[in-house]
Structures are given as structure tokens and as C-alpha cells.
Amino acid sequence: MRVLIIEDEARLARNIAQVLKESANFAVDVCTEGVDGLHLAKTNPYDLIVLDLTLPGMDGLDILGKLRSAGKTVAVLILTARDTSSDIITGFNTGGDDYLTKPFDMGELVARCKALVRRAYGQTHPEIKVGKLTIDTVARRVKFNNREIRFTAMEYRTLEYLGMRAGQIVSKTELLEHLYDFNWERFSNVMEVYISALRRKLDPDRKYDLIETVRGQGYLLKEK
Amino acid sequence: MVVAIIAVLSVTAYVQFRETLKAGVDSALLSQTEAVTVSMAADDSLLEARKEIEAFFGPINDTKSPVYRVWFEGEQDDYVTSGLQGNWPLDWDIQSTEAPTIGNHKFFEASRGEIPYRLLWTRAPDPRASSSTKQPLNIIIAVYDGHVDTQIGDFLRALLIIGVVVIMLSIGATLWILKWGMKPVVGITTKMNDITGKNLNQLSSYVTDVPSELRLFVRAWDEMIERLALAMQQQRRFTADASHELRTPLAIVKSTLQTARSRKRPSETYESAMDQSLEDLERLEHLIEQLLTLAHLDDIESQSDWQTVDLGNLATEICEQYLPFAEQKGSTLKWQVCTAKVSGNDEQLRRLLANLIDNAIKYGPKASEVSVSMHSSNGLVNVLVHDKGGRIPTEEQKLIFDRFYRVRKVRKRASSSTGSGLGLALAQEIAQKHCGTITVQSNPRTGTDFVVTLPHI
């Protein structure tokens, strides 16, 4: 899952980014200016945007309005010091999906971000079940055939994304765009390395063809 | 008031009318007497004169007909009489029985039983040419004057009815005119009820078709609303800015501590998180202090804590205090002050000067000169803080005293902010509280001057 934080207080943005990486295992991009923020939001397929309203360059509400006008459906969590109900109503009516006022609790922010992302993929249960595979997105634990399997952060991130989109073919580009922030060097063969690691750890005996490679299109986490 | 005027008019009319009626009766009596005298003088024959007089008065029909008595003094019988028996008017109820002197006449009020009469008693020399005795002639004519009171009564009744009708009509008309005239006012008042702090609409925006008398009122009202709306807007903006400026550092501190605390980390991470938080808390502390000072300035009108302050001493103290800060920036700080006593709050005046000097050093160019100078004239003290700093655009010169103006500007321009945006706002409020002013002049060649003007004592 990839998140964009548009927040002009650099230290606050950095803290949020760190917590979202550590506690939610999200790929996080940070932008401290409005115009650049809008550009990034328009040109990258983010799963969530954490948006401050009082920004240099362009006001957060303008960014939100322009994003929605451009047809972007990305989930947006407004994070601002403006706390009157008219501000909150305006925030939602401009196209916001959630609203949190500063100062806020980091744990709450992470929980809201996770819920928004989950909902964006049509999931409501924090536990994703695909056949014999269970992904607990809160504790970040994976069980297959009732056996708990440990993954690295990147492996887990990949599996969680495939799990969210179980039954759909996910292209390699999509995986790269949703799992890495823009500082990452993107080599497409890195995906193949992770996929094979996932297959090996989940199913060492190759009994189930859990993650299928659809030639020329991408990967498919099979529901049965 | 109206009733009083009508009452006075009624009394005047009554008195006037009564006098006129009385005068009419009196003149009738006089001319009757005249006629009798003339008849007596013209006709020597007793019989002729009697006939003439009787014809003149006509038959005596009722109590309201005039009665008369003509006699010569010293004669037993009346010369001519209307036939009324008795020694009248002496046996009537009469105010006085004193006869007039010869050649004169006298009016009397009298009443026979219940019947009021007006009497004229005339004593004249004997008019008869043929008379040898020459006895004075007495003529008494009495006319019924009850009609005067009856007429006056009628008049009063009519006056009363007319008065009441006029009063009723005028009250009705006044009420109607008031109601009709107040109609636009009532309309406007209903609209005024809709005006609240959140809904500061101008009257003219929803009261169309205002009568000309009320146009000035509506315009004055709208101007007041405009001023209120501006003040409310400033207040709202200030609250929004203040809450943003207070919440942001709080959010940063909280997020820093929560991030550090969210898992086990090396001790250097904790230390750096604590250092950063302390720094943010200092920023917050400074802001809160300034906000409280502003609130204090807003609330307290009293000058009870004012004392005599020597601005020269104060400026010297502050400059000495800021010298290391200037040197740190490679700048020089020079001051040339004189003794200038003003009345005020020492702490606030100190803050005023310190804010200006701090700004000059902070925002002036590095390695340049900041100077503080003073002079007093015409009962005013001017303190001038000068730096070689760049130009503040003319359109911004008024705005820089707005609370949080700098913060808003900095936010727009995405540069890092070190000030709270309240320093100049505070300086201005302090100057104004001390009956003074603060002005700025900025120009790229000479630099920026802030001038504080305060009344001298």
C-alpha cells in the first residue's frame, strides 16, 4: 500500500511517514508543498493521501477539489488544525473520506489509514481470508493451512496487496507502483524475487499453485 | 398636551363669548334707556310719552320680557312702569342698592326669585322742557339675562362635543399616521432580528423600497454592520490562526513522542526526540506568552499599574541586552537616546521596544547596522528603530501589524518561519494603549524605519 503525505510541517510529516512505515508497512511519500503535492497525487496511483489543509502554494481543499475533478478516487484523510464543524463538513463535502484534527493520536491515525485502505479495496474485515490463507492485517501475521509463516516487510507488503486483490490479475507495474515509494530504485525483476520467496515460504512442497503467473499480464492470488 | 391646549382654548372662548353676550345685553339696555330718555324729552304730554315707551317695549308677555320703571324723584307715583308690582328692584336679590349719581348710569346683577336679570339704573336731569320742578329722572330697565347662561351652556356643550370628537379623530389619525409611518420601521426591525453574528447581512440587501426618511438610517446601519462584520471577520481569522499556530506545534510534539515511543529504539533516538520536543515546546511557550499578553491588553483598560518610565533608560537597557544577538549575526547595534519620561506600563513598553529591535536584527540583512534613536518635541517622544533591511512593499506596510500576518505570508511563500507573527501586532497594541502610534517607512535605498510616538509627560 502506498500513501502520500502532504503536510508543510516537515517534522510532523516525517513522524507520520515513519509510523505508517513501521506500524502499517505502507510505502510512504512525503510532500511539504501544495502544488507539488497535487502533481504527485495526480501522477501516482496512491492508495491513500493524508492531506493537511493549511499549505504553502495551494490550499489543501483546492488540492482535494482538483483531484476529485480530475476523477481521482484515491482515499483522502484530511489532517488539519481546523476543527469547527463547518470546516469538517466542508472537508467531507469537497471529497474527503475521513477527517482528523491536530493534535491527534498516532495510533488512531494508523488505524484510520488502514481502514480507509481496506475499504478502498472492498475489504471490511481486518483479516483477509483466501482459501486456506489468512492474512491478519492488524497484527501483520500470515497463516497458511493453520501454520504461521514469517515474512520480511517487503514480502508481507506484496502478499497483503495480492490478498486485497485476490481473484484479480495484478500486473507487475501495479505491484511496483503500489508497494514502493518514489525513492526506491525500481527494477521489475525485484518483483519476481519476492513472488518466488512468497511461493517458497507459503508452499515449500509446491502442492498448491497459490500464486499463479498469468503470462504477459501479471500475478493472480487464487481464491481456491 | 393636546388636551391642555384644547382646555385653554375652550376657557378663552368661553370667557370671550360670555363677555360678548354680556356686552350685547348692556348695549341693548343702554339704547333702551336712550330711547326712553328721547321719548321723554320729545313729548311733553305724559300720555304721549307713556304710549311711546309702552309701544317701544311692547307687551309684557312673560317673565322674560324686559321690565322698566321710570319716575321723577319726589313724585309719589312712577311716571311710566311696565306694571310689575312692588318696590323693585329693591325687594329683589340684588348685589347693591346704591343709586348712581345724577347724569350717570350703573349696571346691576339681580334676580327675582330664580330668574336672573341685568339691570340698568340711570339718573338723569329732568329732560322735560315744560317742567317747573326739575326733579332728576330715574330709569330702571331690567332684562332677563338667563339666556346668556343658557347660550353659554349650549356653547359649552357644543364645544365639549366638538372637542371630544376632535380629540378622538386626532388620536385616531395620529395612530394611523404612526402605524403607517412606522410600517417600514417595523419591516426593517423584523429584518434586524435576523441579523446575528453569523449572519451579518446588510439591511439594504433585503429591505428594498426604503422611504427616503429612512434611507440615511439604513445607510448608517449598514455601515455599522460593515464595521462589525470586519471586526468579526478579523476575530474569526485571529481565532483560526491562533488555533492553527497552537495546535501545530502540539501535534508535532505529540507525534514526535508517540513515534519515538511506538517501539524500542536506540537511546540516541529518544534523546533527539526529546530535544526536538523541547524546541517545539519553547516555540509554543513563546506563542502562548504573546497570546496571553495580547489577551491581557484587550481585556484591561485600567491604567492603574502605570508609572513614570524613562524611555531613554529603557531603550539603553534593551539595546545592551540585544547586543550579543546582533553580534551573533555579525551586525552592529547603535543607540543614541535622551531622557524622555512617559507614563505607562514598564513591562509592556519594554516588550514594545524589544520586539522592534529584535525584528530589526532578525529580519535586517546580515552584517549590517541597526540603530535606535530618540528625540522629543511638541510633547511627543519619537523612538526610531532603523535597519538596512529590504523594502516592505507599500501595500503590505499596513498589514504587517495584523495579528499573524507574517505567518500567513510565510505559509504562502513556503519559507521557514521563526516568528510567531504576533510581535508587531503586540507592539502596535501596546503603543495604542499608551495613547501612541507606531508607523513604518520602508524603502530599498535607506532601509526600514519603525517609529513609535508616545506622549511625553
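Because the structure is a prediction, the values reported are computed rather than measured.

Asks: Help me understand the overall build of chain A, please; the structure alone is not making it clear to me.
Replies: The helix and strand tally for chain A stands at 8 helices and 12 strands. Per-residue burial for chain A yields a buried fraction of 40% across its 224 residues. Looking at chain A alone, contacts between residues at least 24 apart form 58% of all its contacts between residues at least 6 apart.

Asks: Would you mind going over the pairing of strand 4 (residues 75–80) of chain A with me for this structure?
Replies: As a general feature of sheets, a regular strand has side chains that alternate between the two faces. Residue and element names in this part refer to chain A. Counting buried residues along strand 4, 6 of its 6 residues qualify, which places the element largely inside the surrounding structure. Both faces of strand 4 are covered, namely the face carrying Ala75, Leu77 and Leu79 and the face carrying Val76, Ile78 and Thr80. As defined by bridge partners, strand 3 (residues 48–51) adjoins strand 4 across 4 bridges and the pair is classed as parallel. In the strand pairing of strand 4, Ile49 is matched with Val76.

Asks: I tried to follow the nonpolar core on my own but got confused; where do I start?
Replies: A general feature of soluble globular proteins is that nonpolar side chains tend to end up buried together. In terms of nonpolar packing, the biggest core is built from 66 residues, with Val3(A), Ile5(A), Leu48(A), Ile49(A), Leu51(A) and Leu77(A) touching the most fellow members. Broken down by element, the residue count for this core peaks at 7 residues, all from helix 1 (residues 10–24) of chain A. Formed by 37 residues, the second largest nonpolar core is a distinct cluster that contains Trp335(B), Ile361(B), Ile438(B) and Val452(B).

Asks: What is the right way to look at helix 3 (residues 146–193) of chain B in this model?
Replies: An α-helical turn contains 3.6 residues, so a residue and the one three or four places further along point in the same direction. Residue and element names in this part refer to chain B. An ideal rise of 1.5 Å per residue puts 70 Å on 48 residues; helix 3 measures up with 66 Å between its terminal C-alpha atoms. Lys183 marks the point of greatest bend in helix 3, at about 45 degrees, and the proline Pro184 comes within the next four residues. Helix 3 sits mainly on the outside: 0 of its 48 residues count as buried.

Asks: Help me out: how do you make sense of the interface of chain A and chain B in this one?
Replies: Many analyses report the size of an interface as the accessible area lost when the parts associate. Each side of the interface is counted separately: chain A has 20 residues, and chain B has 20 residues. In terms of residue count, the dominant contributor to the side of chain A that touches chain B is helix 1 of chain A (8 residues).

Asks: Would you take a moment to explain the packing of helix 1 of chain A against helix 5 (residues 106–120) of chain A for this structure?
Replies: When two helices pack together, their arrangement is given by the angle between their axes and by how far apart the axes lie. Residue and element names in this part refer to chain A. Running from N to C, helix 1 and helix 5 cross one another at 65 degrees; their axes reach a closest spacing of 10 Å. Like other packed secondary-structure pairs, helix 1 and helix 5 cross with a definite hand, here right-handed. Touching Ile16, Val19, Leu20, Ser23 and Ala24 of helix 1 are Met106, Leu109, Val110, Cys113 and Lys114, all from helix 5. Looking at side-chain class alone, the contact of helix 1 with helix 5 contains 8 nonpolar, 1 polar and 1 charged residues.

Asks: So what exactly am I meant to see when it comes to the packing of helix 7 (residues 311–328) of chain B against helix 8 (residues 346–363) of chain B here?
Replies: Residue and element names in this part refer to chain B. Two elements in contact, helix 7 and helix 8, have axes separated by 10 Å at closest approach and are oriented at 30 degrees. When the axes of helix 7 and helix 8 are compared, the crossing they make is right-handed. Between helix 7 and helix 8, the residues in contact are Leu314, Ala315, Ile318, Cys319, Tyr322, Phe325 and Ala326 and Leu349, Arg350, Leu353, Ala354, Ile357, Asp358 and Ile361, respectively. Tallied by class, residues from the contact of helix 7 with helix 8 come to 12 nonpolar, no polar and 2 charged.

Asks: Quick question: what am I supposed to make of the sheet that holds strand 4 (residues 104–112) of chain B here?
Replies: Either a parallel or an antiparallel arrangement is found when strands of a sheet pair, and the pairing is made through backbone hydrogen bonds. Residues and elements named next belong to chain B. Reading across from one edge, 2-1-6-5-4-3 is the order of the 6 strands in this open sheet, with antiparallel pairing throughout. Either end of the sheet is taken by a strand with one partner, and the two such strands are strand 2 (80–81) and strand 3 (93–94). Sheet topology note: the strand 3/strand 4 ladder contains 2 bridges and is antiparallel. In the sheet register, Ile94 faces strand 4, and the bridge partner there is Ala110.

Asks: Please clarify how the confidence of the model for chain B should be interpreted in this entry.
Replies: Regions with low pLDDT carry predicted coordinates that are not meant to be interpreted in detail. Residues and elements named next belong to chain B. A residue-level look at chain B finds 94% of positions with pLDDT of 70 or above and a mean pLDDT of 83. The secondary-structure element of chain B with the lowest mean pLDDT is helix 10 (residues 405–413), recorded at 59, while strand 11 (residues 380–387) shows the highest, at 92. Taken as a whole, residues 413–417 scores under 50 in pLDDT and shows 7 contacts with residues more than four places along the chain or in a different chain. Across the interface, the model reports ipTM at 0.84; the global pTM reads 0.65.

Asks: Can you walk me through the sheet that holds strand 12 (residues 437–443) of chain B in this structure?
Replies: All names here are of chain B. With mixed pairing, 5 strands are arranged side by side in an open sheet as 8-10-11-13-12. Every other strand in the sheet has two partners, leaving strand 8 (332–336) and strand 12 as the edge strands with one partner each. Within the sheet, the average angular offset between the axes of one strand and its neighbour, ignoring direction, is 15 degrees. Summarising the sheet, strand 10 (residues 369–377) and strand 11 pair through 8 bridges and their orientation is antiparallel.

Asks: When you look at the pairing of strand 8 of chain B in this model, what are you seeing that I'm missing?
Replies: Residue and element names in this part refer to chain B. What you see with strand 8 is a clean split: Leu333 and Trp335 sit on the buried side and Thr332, Lys334 and Gln336 on the side with no burial. Alignment of strand 8 against strand 10, held across 5 bridges, turns out to be parallel. In the strand pairing of strand 10, Thr332 is matched with Glu369.

Asks: I would appreciate a short explanation of unusual backbone geometry in the present structure.
Replies: Keep in mind that most residues, glycine aside, have a negative phi and that most peptide bonds are trans. All names here are of chain A. Cis geometry marks the peptide bond from Lys102 to Pro103; its omega dihedral reads -5 degrees. By the element assignment, Pro103 lies in the loop between strand 5 (98–101) and helix 5. Even without glycine at this site, Arg206 takes up a positive phi of about 55 degrees. Summarising the element assignment, Arg206 is placed in the loop between helix 8 (188–202) and strand 11 (211–214).

Rules used throughout
Residues numbered from 1 in each chain as written. Chains lettered and ligands numbered in written order. Predicted model: local features only at pLDDT ≥ 70, side-chain atom pairs only at ≥ 80, totals over all residues. Helix = DSSP H or I, 4+ residues; strand = E, 2+ residues; numbered from the N terminus. Buried ≥ 20, exposed ≤ 12 C-beta atoms within 10 Å, placed from the backbone. Contact = placed C-beta atoms within 7 Å. Pairing = 2+ DSSP bridges. Core = buried A, V, L, I, M, F, W, Y, C linked by C-beta atoms within 7 Å. Expected span 1.5 Å × (residues − 1). Bend = angle between axes of the 7 residues up to and from the residue. Axes fitted to C-alpha atoms, helices over the stretch in contact; angles between N-to-C directions. Left-handed = near helix turned anticlockwise from the far one by under 90°. Nonpolar A, V, L, I, M, F, W, Y, C, P; charged D, E, K, R; others polar. pLDDT = per-residue confidence, 0-100.

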